[in-house]
Amino acid sequence: MAVFTSVSLQDLTQWMPQFPLGKATAIRGIASGIENSNFFIDTEKGEYVLTIFENLNFEQLPFYLKLMRHLADRGVLVPAPIANQNGELCVALQGKPAAIVSKLSGTSQLAPQAVHCAEVGAMLARMHLAAQDFSIRQPNLRGLTWWQETAPKVLEFLSDDNRRLMHEEVAFQTAFAATDTYQALQNGPVHADLFRNNVMFDGEKLTGFFDFYFAGCDTWLFDVAVTINDWCIDLETGVLDMPRVDAMLAAYHEVRPFTQAEQIAWQPMLRAAAFRFWLSRVFDFYKPRDAEMLTPHDPTHFERILRLRIASAPTLFSSN
Ligand SMILES: Nc1ncnc2c1ncn2[C@@H]1O[C@H](COP(=O)(O)OP(=O)(O)O)[C@@H](O)[C@H]1O
Ligand SMILES: N[C@@H](CCOP(=O)(O)O)C(=O)O
């Protein structure tokens, strides 16, 4: 169940006239989300997705919604938020912030092959380039500062071994962030949570990235590492599947060539991307927030991936 706030067709009918979508004719709750209340709505102009935000507020939402609008306007495949007659992308419904976005066709590809990874890699590079001139800056709220603040809050729940791992990784990432190599990495708005369940496919054709509510400004390479660590692994073991890794990286590189600094930073970024989700999963597991994380994700999955990436990482690209 993931409809925390209910909306009837009558509620919707009264709310819709401010949008250029004609009459609403049907509304169906979407069961699979964990953070917001999502609905498919039928309108005279077609099918859309209505989201009622359960945690984000009116001050926080413009970054995400305007970023999606900015990307959609530049041909990146993402849901396009629909403005009301006052040009607002976010309007109160049932006393909470709400938005209507275009509906992506297809379904999530949960068993991706190299062909899917190549599609994701190319679109990710297009997204990074298209977001370069987005004017609102918001840091990745699940970045280094959050790690430094959050790790001490969960240490008490960990085994001695994992406590040491968490301490050492925060120290390693803090030191790495101060290096010239890190400072040379290209930075801008990133998705930061581009897992398999946040991308739609029609067969082998990518139809869009969605769920931008962890987006923020960070290094592009961190975004690539987050994506590789989910799309290009054996889910049981966390081991990288090299044909999928190569397909994603080559497709990305063709659109936006990787730099020498990114080559050097690749292993630290794969570690950072694993650590970010290990920490958030540990935090959500032991300190669940209200109305969220109904089924907490397994933290050991990313602990395993972090240990693997510390032990070894492939090169990012060969220079020939
Ligand atoms: N723009 C969209 N187009 C098509 N389906 C969508 C769209 N946005 C969300 N969905 C569907 O709703 C589900 C839940 O959305 P998600 O953003 O993951 O919710 P939450 O933020 O609550 O976790 C997705 O798995 C997807 O099936
Ligand atoms: N991808 C994260 C959790 C974020 O949840 P989402 O369903 O909104 O993407 C994880 O796997 O820990």
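Owing to the predicted nature of the structure, the values given are computational and were not obtained by experimental measurement.

**Describing the overall build of the protein chain**
Looking only at helices and strands, the protein chain features ten helices and nine strands. A compact globule built from 320 residues should have a C-alpha radius of gyration of about 20 Å, and the protein chain, at 20 Å, falls within 12% of that. The proportion of buried residues among the 320 residues of the protein chain is 52%. In the protein chain, 74% of the contacts between residues at least 6 apart in sequence involve partners at least 24 apart. For the protein chain, the exposed surface amounts to about 14,000 Å²; the carbon and sulfur share of it is 53%. Treating the 26 positive side-chain charges of the protein chain as one cloud and the 36 negative ones as another, the clouds have centres 2 Å apart.

**Observations regarding the pairing of strand β7 (residues 199–202)**
The side chains of a regular strand alternate between both faces of the sheet. Of the pairings in the sheet, the one linking β7 to strand β8 (residues 205–209) comprises four bridges and is antiparallel in character. The partner of M200 across the bridge, within β8, is G208. Hairpin geometry of β7 and β8 is characterised by an intervening segment of two residues between the two adjacent antiparallel strands and by a positive phi of about 60° at G203.

**What to know about the site of ligand 2**
Taken together, I34, D193, F195, N197, N198, D211, F214, F277, R281 and H297 make up all the residues around ligand 2. At 3.0 Å, a side-chain N or O of N198 approaches an oxygen atom of ligand 2. Coverage of ligand 2 by the protein amounts to 88% of the 340 Å² it exposes when considered alone. For the shell around ligand 2, the residue count by class is four nonpolar, three polar and three charged.

**Focus: the site of ligand 1**
Neighbouring residues of ligand 1: 17 residues in total, closest I34, E35, N36, S102 and L104. Between ligand 1 and N38, the relevant distance is 3.1 Å, taken from an oxygen atom to a side-chain nitrogen or oxygen of the residue. Here S102 contributes a backbone N or O atom positioned 3.1 Å from a nitrogen atom of ligand 1. About the coverage of ligand 1: the protein hides 86% of its 550 Å² of free accessible area. Elements represented by at least two residues in the shell around ligand 1 include exactly β2 (37–43) and β5 (96–102). Counting contributing residues, the shell around ligand 1 receives three or more from each of domain 1 (9–102) and domain 2 (114–311).

**Remarks on helix α4 (residues 144–154)**
What α4 keeps buried is the set W146, W147, T150, A151 and V154. Buried residues of α4, viewed axially, fall in a sector of 120°; they line one side. For α4, the exposed residues lying more than 90 degrees away from the buried face are T145 and P152. Check the buried side of α4 and you find it contacts α5 (160–177), α7 (220–231) and α9 (260–286).

**Thoughts on the side chain of T227**
Within the element layout of this structure, T227 appears in helix α7. Since its relative accessible area comes to 0%, T227 is described here as buried. Setting aside its immediate chain neighbours within four residues, T227 contacts V120, L124, L194, C232 and M248.

**A short note on the nonpolar core**
With 82 residues, the main nonpolar core has F209 and I228 as its most contacted residues. At 14 residues, α9 tops the list of elements feeding residues into this core. Per-domain counts for this core show at least three residues from each of domain 1 (9–102) and domain 2 (114–311). Non-local contacts of I228, meaning those with residues more than four positions away in its chain, are made with I233, L240, V245, M248, L249, W266 and L270. The next biggest cluster of nonpolar side chains, apart from the first, holds 18 residues, and it includes V7, W15, A24 and A98.

**So, the environment of K45**
Topologically, K45 is positioned in the loop between β2 and β3 (46–52). The class for K45 is exposed, based on a relative accessible area of 56%. With 21 residues separating them along the chain, K45 and A24 place their C-alpha atoms 9.0 Å apart.

**Comments concerning the state of the cysteines**
Using the criterion set out here, one finds zero disulfides in the structure. We note that C217 lacks a disulfide partner, and the nearest cysteine sulfur, in C90, lies 19 Å from it. We classify C217 as buried; its relative accessible area is 11%. Not engaged in a disulfide, the cysteine C232 finds its nearest cysteine sulfur in C117; these two sulfurs lie 3.9 Å apart.

**Things to note about the UniProt feature "domain: Aminoglycoside phosphotransferase" (unreviewed entry) in the protein chain**
Feature annotation in UniProt places "domain: Aminoglycoside phosphotransferase" (unreviewed entry) on residues 27–256, given in this structure's numbering. When the span residues 27–256 is considered, its composition is 39% helix and 19% strand, and the gap between its end C-alpha atoms is 40 Å.

**Details of the packing of aromatic side chains**
Considering all chains together, one arrives at 19 aromatic pairs under this definition. Taken together, a centroid distance of 5.5 Å and an interplanar angle of 35° make the contact between F277 and F302 tilted. With F277 in helix α9 and F302 in helix α10 (residues 299–311), this residue pair connects regions lying 25 residues apart in the sequence. Under the relative-accessibility criterion, F277 is labelled buried at 5%. Given the relative accessible area of 0%, F302 is considered buried. Through pairs of rings, three or more aromatic residues link up here, namely F53, F63, Y64, F134 and Y213. Above the face of the F214 ring, R276 is positioned so that its terminal group lies 5.0 Å from the ring centre.

Conventions we followed
- Residues numbered from 1 in each chain as written.
- Chains lettered and ligands numbered in written order.
- Predicted model: local features only at pLDDT ≥ 70, side-chain atom pairs only at ≥ 80, totals over all residues.
- Heavy atoms only, no water.
- Helix = DSSP H or I, 4+ residues; strand = E, 2+ residues; numbered from the N terminus.
- Rg over C-alpha atoms; globule rule 2.2 N^0.38 Å.
- Buried < 20%, exposed > 50% of the residue type's maximum accessible area, 1.4 Å probe, protein only.
- Contact = heavy atoms within 4.5 Å.
- Areas by Shrake-Rupley, 256 points an atom, 1.4 Å probe, with all protein chains shown as cover.
- Lys, Arg positive; Asp, Glu negative; His and termini not counted.
- Charge placed at Lys NZ, Arg CZ, Asp CG, Glu CD.
- Pairing = 2+ DSSP bridges.
- Near = heavy atom within 4 Å.
- Polar contact = N/O pair within 3.5 Å; in protein donor to acceptor, adjacent residues only side chain to side chain.
- Nonpolar A, V, L, I, M, F, W, Y, C, P; charged D, E, K, R; others polar.
- Domains from an automatic or database assignment.
- Arc of directions from axis to C-beta.
- Core = buried A, V, L, I, M, F, W, Y, C linked by side-chain atoms within 4.5 Å.
- Disulfide = S-S within 2.5 Å.
- UniProt positions renumbered as here; feature names shortened; annotations may be inferred.
- Phe/Tyr/Trp six-rings, centres within 6.5 Å; stacked < 30°, edge-to-face > 60°.
- Lys NZ or Arg CZ within 6 Å of the ring centre and 35° of its normal.

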